[in-house]
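Descriptive analysis of the structure
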Amino acid sequence: MSAGRAERAEVCVVACAEAWRGDGEVLAAPMGVVPSIGARLARLTFAPDLLLTDGEALLVADVPALGARARTVEGWLPYRRHLALVAGGRRHVMMGAAQLDRHGNQNISCIGDWRRPSRQLLGVRGAPANTLNNPTSYWIPRHSPRVLVEKVDMVSGVGYDRAAAAGPSATRFHRIPRVVTDLAVLDFETPDRTMRVRSLHPGVTAVEVRAATGFPLELPGDVPRTRLPTPEELRLIREVIDPDGLRAREVRG
């Protein structure tokens, strides 16, 4: 890897970090290697008020490398207090998805008919509470028609269409700010709240993204490129946050 050239994984890290821009003092809850690096990068650069945990029950004041122990602890966050943050909207989680549809409905439960699935996954877990109570973004390390589907087999996380159908109690705090994949950044800032391309990663074509998506995807003709990491962001990613290069295991070069 050359010193000045950003790899695809590093572009994805920055795209994930940008999901927390402007959030203020909220808990970042990244799931996955690249989102974890992104949250730490955001904390070290443009989001100094972002709260980070050690992955268990402590709020950390410093930003250790992946796999390293924090040197400074600034608070205790047991499970019950974590749930209170979720219910109060003071958390922005970035989850994964086995399936995600054009309205933002997420499936992490099963593949096939839920009464007799062909694949059993994690289960619904906390996805309904996440999506209805605090901002929920998604990280998709392999953008493909198997993941970006027309209709999910089971709804775990609530999308815009189902939230609207459920009424004001569901839509009041429902928000999906960003979907980051290994090909593009997506959002739902359309009149009918369906997925669109926000930016294409460098080297990715519109044809490639459309072919890797299992539904018609809105893609403006003047769609921008995902921004590259700055030299300082590259230094932080490579030397401070992920010196072991774990990001490359999650995203192809």
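Let me begin by describing the structure that accompanies this report. Note that this is a predicted model, so its numbers are computed, not measured. (Residues numbered from 1 in each chain as written. Predicted model: local features only at pLDDT ≥ 70, side-chain atom pairs only at ≥ 80, totals over all residues. Heavy atoms only, no water.)

1. Observations concerning the environment of Asn 134
The residue Asn 134 is located in the loop between helix 4 (127-133) and strand 10 (136-140) in this model. Taking the C-alpha atoms as reference points, Asn 134 and Arg 175, 41 residues apart in sequence, are found 7.2 Å from one another. Ignoring any residue separated from it by four or fewer positions in sequence, one finds Asn 134 in contact with Val 86, Gly 89, Arg 91, Val 93, Ala 129, Phe 173 and Arg 175. (Helix = DSSP H or I, 4+ residues; strand = E, 2+ residues; numbered from the N terminus. Contact = heavy atoms within 4.5 Å.)

2. Regarding helix 2 (residues 33-44)
The end-to-end C-alpha distance of helix 2, which contains twelve residues, comes to 17 Å, matching closely the 16 Å that a straight helix rising 1.5 Å per residue would cover. Most of helix 2 sits inside the fold, with ten of its twelve residues counted as buried. Along helix 2, the residues that are buried comprise Val 34, Pro 35, Ser 36, Ile 37, Gly 38, Ala 39, Arg 40, Leu 41, Ala 42 and Arg 43. (Expected span 1.5 Å × (residues − 1). Buried < 20%, exposed > 50% of the residue type's maximum accessible area, 1.4 Å probe, protein only.)

3. Some details on helix 8 (residues 231-241)
Looking at helix 8, one finds that the buried residues are Glu 233, Leu 234, Leu 236, Ile 237, Arg 238 and Ile 241. Close packing links the buried residues of helix 8 with helix 1 (8-18), helix 2 and helix 9 (247-250).

4. With respect to the nonpolar core
Core analysis: the largest hydrophobic core is formed by 30 residues, its most contacted members being Val 34, Leu 41, Leu 50 and Trp 139. Elements with a contribution of two residues or more to this core: helix 1, helix 2 and helix 8. With seven residues, the top contributor of residues to this core is helix 1. Non-local contacts of Val 34, meaning those with residues more than four positions away in its chain, are made with Cys 12, Val 13, Cys 16, Trp 139, Arg 247, Glu 250 and Val 251. (Core = buried A, V, L, I, M, F, W, Y, C linked by side-chain atoms within 4.5 Å.)

5. Topic: the sheet that holds strand 13 (residues 184-187)
With mixed pairing, six strands are arranged side by side in an open sheet as 1-5-10-12-13-14. Taken across any chain shown, the strands that pair with only one partner, and hence form the sheet edges, are strand 1 (27-30) and strand 14 (196-200). Ignoring strand direction, the axes of neighbouring strands in this sheet form an average angle of 20°. Bridge analysis of strand 1 against strand 5 (residues 91-95) gives four bridges, and the strand direction is parallel. Paired with Pro 30 across the bridge in strand 5 is Met 94. Its contacts with the sheet put helix 2 on strand 1, strand 5 and strand 10, and the angle it makes with strand 1 is roughly 155°. (Pairing = 2+ DSSP bridges. Axes fitted to C-alpha atoms, helices over the stretch in contact; angles between N-to-C directions.)

6. Some remarks on the sheet that holds strand 3 (residues 58-60)
If you walk across this open sheet you meet the three strands as 2-3-4, and the pairing is antiparallel. Looking at the sheet topology across the chains shown, the edges are occupied by strand 2 (52-53) and strand 4 (73-76). Sheet topology note: the strand 3/strand 4 ladder contains three bridges and is antiparallel. Residue pairing across strands places Val 60 opposite Val 73, the latter belonging to strand 4.

By themselves, these observations are geometric and do not establish any function.
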